[in-house]
Amino acid sequence: MRKLIFVVLAAIVAGEAMGAAGYNATLAQPLTETKSLVVYDNFFRCEGSVCTLVSHPTSSIGDARTCHALQRKVGIITAYLVDGRPFDEAKLAKCNSPD
């Protein structure tokens, strides 16, 4: 169990630098509390109006399906960056589409 906790904490610490490299989502409504979320094996830390990837990105990080799953947990997403590149209007619309 200690090893698992260490691995998760190491992923979060290592991921802080990756988040700065441009894997994040901007929320229309700021959250009232900090949330740690897992979306298709991607770990996000959401604080205020930003969710930042805090793990190594998986292959699904750049698709609208991952963005949409995050949106269902945190609300409308106004911008979604993957490796520093924003989603275009069409992908962002898919991200925020109703289920």
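Residues numbered from 1 in each chain as written. Predicted model: local features only at pLDDT ≥ 70, side-chain atom pairs only at ≥ 80, totals over all residues. Heavy atoms only, no water.

**Side note on the nonpolar core**
- Ranked by internal contacts, the top residues of the largest apolar core, which has 22 residues, are Phe 44, Cys 46, Cys 51, Leu 70, Val 74, Ile 77 and Tyr 80.
- Take this core: its biggest share by element is 5 residues, from helix α2 (residues 64–74). (Core = buried A, V, L, I, M, F, W, Y, C linked by side-chain atoms within 4.5 Å. Buried < 20%, exposed > 50% of the residue type's maximum accessible area, 1.4 Å probe, protein only. Helix = DSSP H or I, 4+ residues; strand = E, 2+ residues; numbered from the N terminus.)

**Thoughts on the sheet that holds strand β5 (residues 77–82)**
- Spatial ordering of the open sheet is given by β2-β3-β4-β1-β5-β6, a layout of 6 strands whose pairing is antiparallel. At either end of the open sheet lies a strand with only one pairing partner, and these are β2 (35–39) and β6 (85–86).
- In this sheet, strand β4 (residues 50–53) lies alongside strand β3 (residues 42–47) in antiparallel orientation, the contact comprising 4 bridges. Residue Arg 45 lies in a different strand from β4, and its bridge partner there is Thr 52.
- On the sheet, α2 packs against β1 (24–27), β2, β3, β4 and β5 and is oriented at approximately 145° with respect to β2. (Pairing = 2+ DSSP bridges. Contact = heavy atoms within 4.5 Å. Axes fitted to C-alpha atoms, helices over the stretch in contact; angles between N-to-C directions.)

**Some points on the pairing of β5**
- In terms of strand pairing, β1 meets β5 through 4 bridges, oriented antiparallel. Across the sheet, the residue bridging to Asn 24 is Leu 81, located in β5.
- Between β5 and the antiparallel strand that follows it, β6, lie 2 residues; Asp 83 among them carries a positive phi value of about 55°.

**Examining the state of the cysteines**
- Throughout the structure, instances matching the rule amount to 2 disulfides.
- One disulfide bridge connects Cys 46 with Cys 51, the sulfur atoms lying 2.1 Å from each other. One disulfide, between Cys 46 and Cys 51, carries an S-S torsion of 115° and so falls in the right-handed class. Here Cys 46 matches Cys 51 in class, with each residue buried.
- For the protein, the bonded cysteines connect in the pattern 1-2, 3-4 when numbered consecutively along the sequence. (Disulfide = S-S within 2.5 Å.)

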